[in-house]
Amino acid sequence: MKNESNNLSVSAEDYLEAALCLTLQGERIKVTSIAEKLGVSKPAVTNALNELAAKGYLQKQPYGDIRLTDEGQTAAQRVYDKHKLLRDFLCALGVSPQAAEIDCCKIEHDLCDETIACIRRFMRK
């Protein structure tokens, strides 16, 4: 079953989530910061951000500010919320916080909306 709410690639979701995390930490979105967070090269980040800007997920000024658009904010928040839910779920199962963080990054992009909804309902109980 496909993830109906998502038309972004895994890497695009990762870039949006990284950008959101920077803003939540009170930092500006910078190519260098995203490259460090994701362990990728600055040219790779630049290319990805250009593609996301072309699709309307962020606004990027040459050598200037980068910010998420409303659409980008919504998409990034969806990925971030799923990440937190899965991390908390794995920890509730007894997985260590470190392993849960690593594993939720691996699975957050692959679960269908139905599975995420079921985990969310389970965690609310």
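The sections below set out a description of the structure shown in this document.

### Details of the packing of helix α1 (residues 10–24) against helix α3 (residues 42–54)
Closest axis-to-axis distance for the α1/α3 pair is 10 Å, and the angle between their directions is 95°. The orientation of α1 relative to α3 falls into the category roughly perpendicular. Taken together, the residues of α3 that come into contact with α1 (itself represented by Ala12, Tyr15 and Leu16) are Ala44, Val45, Ala48 and Leu52. For the contact of α1 with α3, the class distribution of residues is seven nonpolar, no polar and no charged.

### Describing the nonpolar core
Counting residues in each nonpolar core, the largest one holds 22 residues, and the members touching the most others are Leu16, Ile34, Val45, Leu49, Leu52 and Leu68. Counting only elements with at least two residues in this core, the list comes to α1, α2 (31–38), α3, β2 (66–68) and α4 (70–92). Here this core gets seven residues from one element, more than from any other, and that element is α1. By size, the runner-up hydrophobic cluster in this structure holds eight residues, among which are Leu85, Ala100, Ile116 and Ile119.

### Structural notes on the side chain of His83
Relative to the assigned elements, His83 resides in helix α4. A distance of 2.7 Å separates polar atoms of two side chains, one belonging to His83 and the other to Glu101. Beyond its immediate chain neighbours, meaning those up to four positions away, His83 contacts Glu17, Glu101, Cys104, Cys105 and Glu108.

About the criteria used
Residues numbered from 1 in each chain as written. Predicted model: local features only at pLDDT ≥ 70, side-chain atom pairs only at ≥ 80, totals over all residues. Heavy atoms only, no water. Axes fitted to C-alpha atoms, helices over the stretch in contact; angles between N-to-C directions. Helix = DSSP H or I, 4+ residues; strand = E, 2+ residues; numbered from the N terminus. Parallel < 35°, antiparallel > 145°, perpendicular 65-115°, else oblique. Contact = heavy atoms within 4.5 Å. Nonpolar A, V, L, I, M, F, W, Y, C, P; charged D, E, K, R; others polar. Core = buried A, V, L, I, M, F, W, Y, C linked by side-chain atoms within 4.5 Å. Buried < 20%, exposed > 50% of the residue type's maximum accessible area, 1.4 Å probe, protein only. Polar contact = N/O pair within 3.5 Å; in protein donor to acceptor, adjacent residues only side chain to side chain.

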